[in-house]
Amino acid sequence: MKKIFLLLFIVIINIPVNGQGIDSLQFIKTIKVDGRQGVAADKNYYYVSGSKSLYKYSKDGVLIHSNKKPFSKLEKEANHLGDIDCFNGKIYAGAEYFYDGKASNIQIVIYNAETLEFDRYFSWEPESGQQEVCAVAVDPENNLVWLAADWINGSYLYKYNLETGEYEGKLHIYPVPEKQQGIKVFENQMLITADHGDAEFDEPDHLYTLTIEAGKTSAQVSLLKTFSNVKRQGEIEGLIIDPVENNLIVHFNRGMRVVNGMPIGFYPGYNEEVHELYIYKIVN
Ligand SMILES: [Ca+2]
Ligand SMILES: [Ca+2]
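Rules used in this analysis
One numbering rule holds for all chains: residues counted from 1, following each sequence as written. Chains and ligands are labelled sequentially in the order written, the chains with letters from A and the ligands with numbers from 1. Thresholds applied to this predicted model are a pLDDT of at least 70 for local features of residues and 80 or more for the giving and counting of side-chain atom pairs; totals over whole chains, interfaces and linings are not thresholded and use all residues. For two strands to be treated as a pair, DSSP must find at least two bridges joining them. Helix numbers and strand numbers start at the N terminus; a helix is a DSSP run of H or I with at least 4 residues, a strand a run of E with at least 2. Think of each axis as a best-fit line through the C-alpha atoms, taken over the contacting stretch in the case of a helix, with angles from 0 to 180 degrees between the N-to-C directions. Partly exposed residues are those whose C-beta has more than 12 but fewer than 20 other C-beta atoms within 10 Å; with 20 or more the residue is buried, with 12 or fewer it is exposed, and the C-beta atoms are placed from the backbone. Two residues qualify as being in contact provided that their C-beta atoms, derived from the backbone, are within 7 Å of each other.

Asker: Where do I start with the sheet that holds strand 11 (residues 144-148) in this structure?
Answerer: Within a sheet, adjacent strands bond to each other through the backbone by hydrogen bonds, running parallel or antiparallel. The strand order across the open sheet formed by five strands is 10-11-12-13-17, and the pairing between neighbours is mixed. Each edge of the sheet is formed by a strand with only one pairing partner; in this case those strands are strand 10 (135-139) and strand 17 (218-220). Strand after strand, the sheet turns through a mean of 25° between neighbouring axes, direction not considered. One ladder, built from five bridges, connects strand 11 with strand 12 (residues 156-161); its direction is antiparallel. What sits directly across from Ala148, in strand 12, is Leu157.

What follows is the structure in structure tokens.
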């Protein structure tokens, strides 16, 4: 009897909790936006990042405000923004100076969500081994800001103190989603978008998840969603959870042919790249 009880106990504590916050997603609508990199949200607004711009939208898609010079007040030169997050009236962005296939000046740049103006920044720790930045996610529960890297080596997520900006270590993730583009902390999960579906062959992109556990140096990644039903396969980018509506919002680009990372024109029926937010209801 004792043995059976022990066995049962082991089985129960080993049930994987990956994806526990999201059982399924119901598509609601899309909203067309400017900016091809990422998305954030607060109570009243959506925020979208372009490579060199920030936009603020009402939740029905009306442009409220933009900042077309997000690097003008930086101490350390940057020329690229990735996916963004929003916390406590601030927009957190991963920025870098990208030139000739190499990134430098990796930094977490913090903007005022009301004005989209520069507020302050945290510099990256080069000893971490991080070689570029594609996304940032705020994790108030663990007092962290997480950085993701996709281009050279996506094996780790990097942790910085939310208050001081001090580097606090990295999390080894496996198997590694290829071409990571966005991250978001939701409950005790880290959600990761990966642009590894090749639009040339109509392949879908994916959403992954892992469980954040304090003190663990590694985490197993699980598939959460395959985006088969988008208007046209393209590039998945950043993501966010709407804190009021409990919606998942995923940013996609479509229409531009991108081969080996280089734009080479448009697919039939397109004369510009379309940037959209896909909005899904989270069903627990
Ligand atoms: Ca985001
Ligand atoms: Ca893709």
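Past the structure itself, the notes keep going.
Asker: Just checking my understanding: could you explain the pairing of strand 21 (residues 256-259) for this structure?
Answerer: Here is the key point about a regular strand: its side chains alternate between the two faces of the sheet. Direction of pairing for strand 21 relative to strand 22 (residues 262-266): antiparallel, over a ladder of three bridges. Residue Val258 lies in a different strand from strand 22, and its bridge partner there is Pro263. What sits between strand 21 and strand 22 in their antiparallel hairpin is a turn of two residues, with Asn260 showing a positive phi close to 55°.

Asker: Could you clarify how one ought to interpret the environment of Arg36 in this entry?
Answerer: In this structure, Arg36 sits in the loop between strand 1 (24-33) and strand 2 (38-41). For Arg36, a count of 20 C-beta atoms within 10 Å puts it in the buried group. Taking the C-alpha atoms as reference points, Arg36 and Val274, 238 residues apart in sequence, are found 8.6 Å from one another. For Arg36, the contacting residues outside a window of four places in its chain are Gly50, Ser51, Glu237, Asn253, Glu273 and His275.

Asker: Mind showing me how you'd approach the pairing of strand 15 (residues 189-194) here?
Answerer: With respect to burial, strand 15 is a largely interior element, six of its six residues being buried. Strand direction decides the pairing type here: strand 15 and strand 16 (residues 206-211), joined by six bridges, are antiparallel. When the bridges of strand 16 are listed, Thr193 appears paired with Leu207.

Asker: Before we go on, may I ask you to explain unusual backbone geometry in this structure?
Answerer: Negative phi is the rule for most residues except glycine; trans is the rule for most peptide bonds. Following Tyr174, the chain continues into Pro175 via a peptide bond in cis, with omega recorded as -15°. Turning to its location among the elements, Pro175 is positioned in the loop between strand 13 (167-174) and strand 14 (180-186). For Asn143, which is not glycine, the phi dihedral falls at a positive 55°.

Asker: Any chance you could explain the sheet that holds strand 8 (residues 102-112) here in plain terms?
Answerer: An order of 6-7-8-9 is seen for the four strands of this open sheet, with the pairing classed as antiparallel. Lying at the two open borders of the sheet, with one neighbouring strand each, are strand 6 (80-87) and strand 9 (118-123). Pairs of neighbouring strands in the sheet enclose a mean axial angle of 25°, with direction left out of account. Looking at chain direction, strand 8 and strand 9 are connected through five bridges and run antiparallel. Each residue of the ladder has a partner; that of Val109, found in strand 9, is Tyr121.

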